[in-house]
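Residue-level structural notes
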Amino acid sequence: MVEIELDGKKVEVTEGSMVMHAAEKAGTYIPHFCYHKKLSIAANCRMCLVDVEKAPKPMPACATPVTQGMIVRTKSDKAIKAQQSVMEFLLINHPLDCPICDQGGECQLQDLAVGYGGSSSRYEEEKRVVFHKDVGPLISMEEMSRCIHCTRCVRFGQEVAGVMELGMSNRGEHSEIETFLGDSVDSELSGNMIDICPVGALTSKPFRYSARTWELSRRKSVSPHDSTGANLIVQVKNNRVMRVVPLENEDVNECWIADRDRFSYEALNGPERLTQPMLKQGGQWQQVDWQTALEYVANGLKQIKADHGAQAIGTLVSPHSTLEELHLAKLLTNGLGSDNIDYRLRNAEFSAAEGVRWLGTSIASLSQLQRALVIGSNLRKDHPLFAQRIRQAVRKGGVLSAVTSQALFADDEAWAMAVGNAVRVPSDRWVDVLAQVAAAIAETKGAGAPVAANGSPSDAAKAIAASLLDGERKAILLGNAAAHHAQASTLLSLANWIGAQTGATVGFLTEAANTVGAQVVGALPKAGGLNAGQMLAGGLKAALLLNNEPVFDSAAGESAVEGLAHAQMVVTLSPFKANLEFSDVLLPIAPFTETAGTFVNAEGRAQSFHAVVKPLGEARPAWKVLRVLGNLLGLPGFAFESSADVLADIGASAEAIVGKLSNAAPASVTAGAATQAAPVVASIYQLDSIVRRAPSLQLTADARLAQAAVAEEVLA
């Protein structure tokens, strides 16, 4: 530790820290633009100049290392005059038109200009003008004359997103931030550049000129998309979601969110929202009131149960639904006497798990890994924020290995990080590859392999084994394709053996916001009940679809239409006009911004949230719809007054959830390739019903690539 004096106060910081770090620890604010705690130090704005005793001139606080006994003054005349001079230079070429700038009211330059800027300008020459640029549907670079060349966006792309899509050309007042090749900015984390831009140069294209920051109320929420459980601030005007930005949580999402967390809100106000209960009568959809719709469903379920038995009724639930919704769906299904409920819509294997599948370690620990093996994941697109943390670990010297298919991992550029060892083989050979890695480890340690490998280990398998045997902090992570794999249990068994031999944690990255939560509440068929695959193959006479679209959200795909056509009644509970071709009833339920609920993320962290706006039209929270339906059916245990009451009934305390977490798998392993279709994995902007309906996300390069792949498949 090093002790310095800062504005008369003694401050202790670690050796190698900068004056800015000491100021942060002391709670002293030093004005700055280019410095950001998550980015490397550039020291190119010079706004943080401070007075260091015995230094001949003011020094940049962000780039001046502390030394024992250093005396620093941040409010002396020398420091203030230096900061005022820098501000004058910054404003020389900056347009002074704050009232029409989209950043007005939340602009760092605007705020600091009040304290450090002059009352008038001494500059009489012409100001420079920078031509606007089109970099895609998410980020607006229409006002690049406002750029102050802090290079935060450049460093973010290079260091956090892993793709240096923006760079600075030329020098002096001719400097410009641009993409060089005229390309768009396509990173799945690109929206964070908007947040870190201290001026109005980079702004949100979907939000642009739609509201002023002081008109917005701010409410906390949790992302309903992937399993990170990113913390959000949802900004609202006139009962309408206008913008979504990150809420900092160092243990979960740090200060970043993925683009699908940020821009998917567009779907919540879109034309496809379902705002009134609807019944199909004579092949035509008719709007009805809630009483009529719910009585129709209740009477239909009673009739089908009487005619065909309770096992003819089944519920398919989405892992993007809240704990409360999943719990009541389970109570309703079981209360009718049926064991047919399942959230595993994209799975090919439905073996019973011994515990709740989870990440196997904390999310924060991913940033500190020294060795990692990822199996069956398009890491960067499936889990953008997990990929970002592993990218930081690789930048610190960690070694990443991967066992994937060509479709999931083409090269290092596809994952935007260096992959030390990669085995790219069809998914039906992943078990063989892990068996070879296990054999190489057994050979090195002189232990017995869990299964005879199909041939001697390849060089790549030996390299992965050597990597995992080295280092201290290690993790084996099974991705979405591994979880949906026809031999998922075998992959987990082999991963567990490798983890036990190498000291690595083993876990699933988990697909959706509440994949872990769905297991916690037991949204799974009991012994003798039908799994998702069997239900979608035509095993039901009455189907309840909670917040999902089987054509897009299941392994059955288009064949789900034919399977559900065997049912006498299909009830869809969705925020959108979904499943129109095979549903008989549409019940409008509230999306995450219009209901209270709880998600459990990949590390088993339960995060509750409240509604931020009123439900649109006649939409109602799904837990309320299920509660009323339970009451109409005369089922016991549906006397809940609030979502908090439902959560209490689940008993999902932090301790209770941790007690259920387990990635144990059967010890017996069967190696060898299995003839099977490739695992079904949703592309980044097809994961759930909300992102599929967000117009700006569907205009991105990732969405266009997915659409082209689907078109090729259809033509083939």
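Residues numbered from 1 in each chain as written. Predicted model: local features only at pLDDT ≥ 70, side-chain atom pairs only at ≥ 80, totals over all residues. Heavy atoms only, no water.

**Examining the overall build of the protein**
Secondary structure assignment for the protein yields 23 helices and 27 strands. Oriented by its inertia axes, the alpha-carbon framework of the protein measures out at about 90 × 70 × 50 Å. Out of the 716 residues in the protein, the part that is buried amounts to 59%. Surface summary for the protein: the accessible area is close to 28,200 Å², and the carbon and sulfur share equals 51%. (Helix = DSSP H or I, 4+ residues; strand = E, 2+ residues; numbered from the N terminus. Buried < 20%, exposed > 50% of the residue type's maximum accessible area, 1.4 Å probe, protein only. Areas by Shrake-Rupley, 256 points an atom, 1.4 Å probe, with all protein chains shown as cover.)

**Regarding the state of the cysteines**
Counting across every chain of the model gives 0 disulfides. There is no disulfide at Cys147, and the cysteine sulfur nearest it, in Cys153, is 6.5 Å away. A relative accessible area of 14% means that Cys147 is categorised as buried. (Disulfide = S-S within 2.5 Å.)

**Let's talk about the packing of aromatic side chains**
Within the structure shown, the criterion is met by 3 aromatic pairs. Sitting over the face of the ring of Phe207, Arg243 holds its NZ or CZ atom 4.3 Å from the ring centroid. (Phe/Tyr/Trp six-rings, centres within 6.5 Å; stacked < 30°, edge-to-face > 60°. Lys NZ or Arg CZ within 6 Å of the ring centre and 35° of its normal.)

**Some remarks on the sheet that holds strand 14 (residues 278–281)**
On the basis of which strands lie adjacent, the open sheet formed by 7 strands has the order 15-14-25-24-23-16-17 and mixed pairing. Whereas interior strands pair on both sides, the edge strands pair on one side only; in this sheet they are strand 15 (284–287) and strand 17 (341–342). The sheet contact formed by strand 23 (residues 542–546) and strand 24 (residues 569–574) spans 5 bridges and is parallel. Within strand 24, the residue paired with Leu546 across the bridge is Leu573. Helix 8 (residues 323–335) contacts strand 16 (313–317), strand 17 and strand 23 of the sheet and is inclined by roughly 170° relative to strand 16. (Pairing = 2+ DSSP bridges. Contact = heavy atoms within 4.5 Å. Axes fitted to C-alpha atoms, helices over the stretch in contact; angles between N-to-C directions.)

**Points about the side chain of Asn663**
Here Asn663 lies in the loop between helix 22 (654–660) and helix 23 (701–715). For Asn663, the side chain forms a polar contact with the main-chain oxygen of Val506, separated by 2.9 Å. Filtering out sequence-adjacent residues up to four positions away, Asn663 remains in contact with Val356, Arg357, Trp358, Gly360, Leu492, Asn496, Val506, Gly507 and Phe508. (Polar contact = N/O pair within 3.5 Å; in protein donor to acceptor, adjacent residues only side chain to side chain.)

**Regarding the UniProt feature "domain: 4Fe-4S Mo/W bis-MGD-type" (unreviewed entry) in the protein**
The UniProt entry lists residues 216–272 under the feature "domain: 4Fe-4S Mo/W bis-MGD-type" (unreviewed entry), expressed in the numbering used here. Helix makes up 9% of residues 216–272 and strand 35%, and the two end C-alpha atoms of the span are 25 Å apart. (UniProt positions renumbered as here; feature names shortened; annotations may be inferred.)

**Some details on the sheet that holds strand 13 (residues 240–246)**
Sheet architecture is open: 3 strands sit in the order 11-12-13, paired in antiparallel fashion. Each having just a single partner strand, strand 11 (217–222) and strand 13 make up the two edges of the open sheet. Sheet twist, expressed as the average angle between the axes of neighbouring strands with direction ignored, equals 35°. Pairing of strand 12 (residues 231–237) with strand 13 involves 6 bridges; the strand directions are antiparallel. Residue Val234 lies in a different strand from strand 13, and its bridge partner there is Val244.

**A word on the packing of helix 12 (residues 430–445) against helix 13 (residues 459–469)**
Two elements in contact, helix 12 and helix 13, have axes whose closest approach is 8 Å; the angle formed by their N-to-C orientations is 60°. Relative to helix 13, the element helix 12 lies oblique. For the pair helix 12 and helix 13, the sense of crossing is right-handed. Along the contact surface, helix 12 presents Gln436, Val437, Ala440, Ile441, Thr444 and Lys445, while helix 13 presents Ala461, Lys462, Ile464, Ala465 and Leu469. Looking at the contact of helix 12 with helix 13 residue by residue, the classes come out as 7 nonpolar, 2 polar and 2 charged. (Parallel < 35°, antiparallel > 145°, perpendicular 65-115°, else oblique. Left-handed = near helix turned anticlockwise from the far one by under 90°. Nonpolar A, V, L, I, M, F, W, Y, C, P; charged D, E, K, R; others polar.)

**Overview of unusual backbone geometry**
A positive phi angle, close to 60°, is found at Thr510, a residue other than glycine. Structurally, Thr510 is set in the loop between strand 22 (505–508) and helix 16 (515–520). Its identity as a non-glycine residue notwithstanding, Asn579 has a phi of 55°, on the positive side. Relative to the helices and strands, Asn579 resides in the loop between strand 24 and strand 25 (585–588). By relative accessible area, Asn579 is classed as buried at 9%.

**A look at the UniProt feature "domain: 4Fe-4S His(Cys)3-ligated-type" (unreviewed entry) in the protein**
Those residues carrying the UniProt feature "domain: 4Fe-4S His(Cys)3-ligated-type" (unreviewed entry) are residues 78–117 in this numbering. The span residues 78–117 is 60% helix and 0% strand, and its two end C-alpha atoms sit 16 Å from each other.

**Points about the pattern of salt bridges**
Counted by the stated rule, this structure contains 32 salt bridges. Note that Glu53 is salt-bridged to Arg73, the shortest N-O span being 2.8 Å. Of the two residues, Glu53 sits in the loop between strand 3 (49–52) and strand 4 (59–60) while Arg73 sits in strand 5 (residues 71–73), which places them 20 residues apart along the sequence. The partner of Arg346 in a salt bridge is Glu511, with the nearest N and O atoms 2.8 Å apart. (Salt bridge = Lys/Arg side-chain N within 4 Å of Asp/Glu carboxyl O.)

**As for the environment of Met417**
Position of Met417 relative to the elements: it lies in the loop between helix 11 (412–415) and strand 20 (421–424). Under the relative-accessibility criterion, Met417 is labelled buried at 6%. Along the sequence, Met417 and Glu159 sit 258 residues apart, while their C-alpha atoms lie 9.9 Å from each other.

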